[in-house]
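Architecture and fold: a report
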Amino acid sequence: MRILISNDDGIYSPGLVALATVAMRFGDVRIVAPDVEQSSMSQAITSSRPLLYRRTKIPGFEAYRVNGTPSDCVGLGAFDWGNVDLVLSGINLGSNLGNAIWHSGTLAAAKQAALLGLRGIAFSFPVEESNPDGETDFAPIMPWVEKALVLLLAHTDLRLVNVNLPLNPQGMRWTRQSCREYDGRVVKGKDPMGRTNYWYTVAPIREIDEGTDRWAVSEGFVSLTPLRVDLTDDGLLAEATARHALAAS
Ligand code: MN
């Protein structure tokens, strides 16, 4: 099995090597990642300039860096290597829960795999809470990344999955995306010259619905959320069609 590893934190992220190290037990691994951090870039692709695909030294791995987005990396990586079966993204330095899925570059790499007809799995870890300024130790969660991969790869119909790990996993749970609340917030501030500026940040969500990704991680479980590329709301489509049958008008 050919496994392409990417992320949105950049080619030198410790989470990337942690994920590639686990992935080696499942098949042939190649790393293709952005040359600088691309967090919150979502599914952007670079279409207005050419991209570079440069060999990079990461001990123990064949690795390449791209001056583009996570989606660019998956596209170029799959094109250059060929016959890729699986794309793994992460391990992201920070959770990707609920509506963060819309912004996440980590998820976008897995989604790009799904668009290309490949399997994509994204891994995220709440590093800010555990150690905001230091080097993250991925060793304690690497056995859980392996357990999640064993389970997910056995289900061949799971083509796109969002995996979030808690600080100290106690088990795994199938979950749905928590959508009821959005945590994106704008904060107004001043720069050192006294000019007004703005920061996009997140606010804590208090109400946590049972069965969601946010709930699982808050309870100490590894959250496994199967996703799909088709955003169509089937219920509303049926209702709208019944209310106003356009084909007959
Ligand atoms: Mn990131």
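Scroll up a little and you will see the structure.
For the structure given in this document, a descriptive report is provided here.

**As for the coordination of the manganese ion**
Listed as protein donors to the manganese ion are Asp8 (OD), Asp9 (OD), Ser39 (OG) and Asn92 (OD1); their distances from the metal cover 2.1 to 2.3 Å. Donor residues binding the manganese ion come from one chain and are separated in sequence as D-D-x29-S-x52-N. Here the residue aspartate 9 occupies a position in the loop between strand S1 (2–6) and helix H1 (14–23), and serine 39 occupies one in the loop between strand S2 (28–34) and strand S3 (53–58), the gap between them amounting to 30 residues. Serine 39 gets classed as partly exposed once you look at its relative accessible area, which sits at 29%.

**What about the packing of H1 against helix H5 (residues 142–154)?**
Running from N to C, H1 and H5 point in directions that differ by 50°, and their axes come no closer than 10 Å. Accordingly, the angle class assigned to the pair H1 and H5 is oblique. Our pair here, H1 against H5, has a crossing hand that is right-handed. Taken together, the residues of H5 that come into contact with H1 (itself represented by Ala18, Leu19, Thr21 and Val22) are Met142, Val145, Glu146 and Leu149. Across the contact of H1 with H5, the residue classes break down as 6 nonpolar, 1 polar and 1 charged.

**Some words on unusual backbone geometry**
A cis amide bond links glycine 90 with the next residue in sequence, isoleucine 91, at an omega value of -10°. Of note in the backbone geometry, serine 42 takes a positive phi value of approximately 50° without being a glycine. Here serine 42 lies in the loop between S2 and S3. In this structure serine 42 comes out as buried when scored by relative accessible area, which is 18%. We note that asparagine 83 has phi near 50°; this positive angle belongs to a residue other than glycine. Since its relative accessible area comes to 68%, asparagine 83 is described here as exposed.

**Considering the packing of aromatic side chains**
Under the counting rule described, the total for this entry stands at 3 aromatic pairs. Ring centres of tyrosine 53 and tyrosine 64 lie 4.5 Å apart, and the angle between their planes is 15°; this geometry places the pair in the stacked category. Placement of the pair is tyrosine 53 in strand S3 and tyrosine 64 in strand S4 (residues 61–66), with a sequence separation of 11 residues. Sitting above the plane of the tryptophan 144 ring, lysine 147 keeps its charged end 3.9 Å from the centroid. Geometry around phenylalanine 221 places arginine 173 over its ring, the cationic atom sitting 3.8 Å from the centre.

**Notes on the sheet that holds S1**
Strand order in the open sheet formed by 9 strands is S3-S4-S2-S1-S5-S6-S7-S11-S8, and the pairing between neighbours is mixed. A single partner strand is all that each edge strand has here, and the edge strands are S3 and strand S8 (171–174). On average, adjacent strands in this sheet sit at an angle of 25° to one another, irrespective of strand direction. Direction of pairing for S8 relative to strand S11 (residues 221–226): parallel, over a ladder of 4 bridges. When the bridges of S11 are listed, tryptophan 174 appears paired with leucine 224. Across the face of the sheet, helix H3 (residues 105–115) comes into contact with S1, strand S5 (86–93), strand S6 (119–125) and strand S7 (160–164) while running at roughly 170° to S6. Contacts between H5 and the sheet are confined to S5, S6, S7, S8 and S11, with S6 contributing the most and set at about 155° to the helix.

Here is what the cut-offs are and how they apply
- Residues numbered from 1 in each chain as written.
- Predicted model: local features only at pLDDT ≥ 70, side-chain atom pairs only at ≥ 80, totals over all residues.
- Heavy atoms only, no water.
- Donors = N, O, S within 2.8 Å, 3.2 Å for Na, K, Ca; no water.
- Helix = DSSP H or I, 4+ residues; strand = E, 2+ residues; numbered from the N terminus.
- Buried < 20%, exposed > 50% of the residue type's maximum accessible area, 1.4 Å probe, protein only.
- Axes fitted to C-alpha atoms, helices over the stretch in contact; angles between N-to-C directions.
- Parallel < 35°, antiparallel > 145°, perpendicular 65-115°, else oblique.
- Left-handed = near helix turned anticlockwise from the far one by under 90°.
- Contact = heavy atoms within 4.5 Å.
- Nonpolar A, V, L, I, M, F, W, Y, C, P; charged D, E, K, R; others polar.
- Phe/Tyr/Trp six-rings, centres within 6.5 Å; stacked < 30°, edge-to-face > 60°.
- Lys NZ or Arg CZ within 6 Å of the ring centre and 35° of its normal.
- Pairing = 2+ DSSP bridges.

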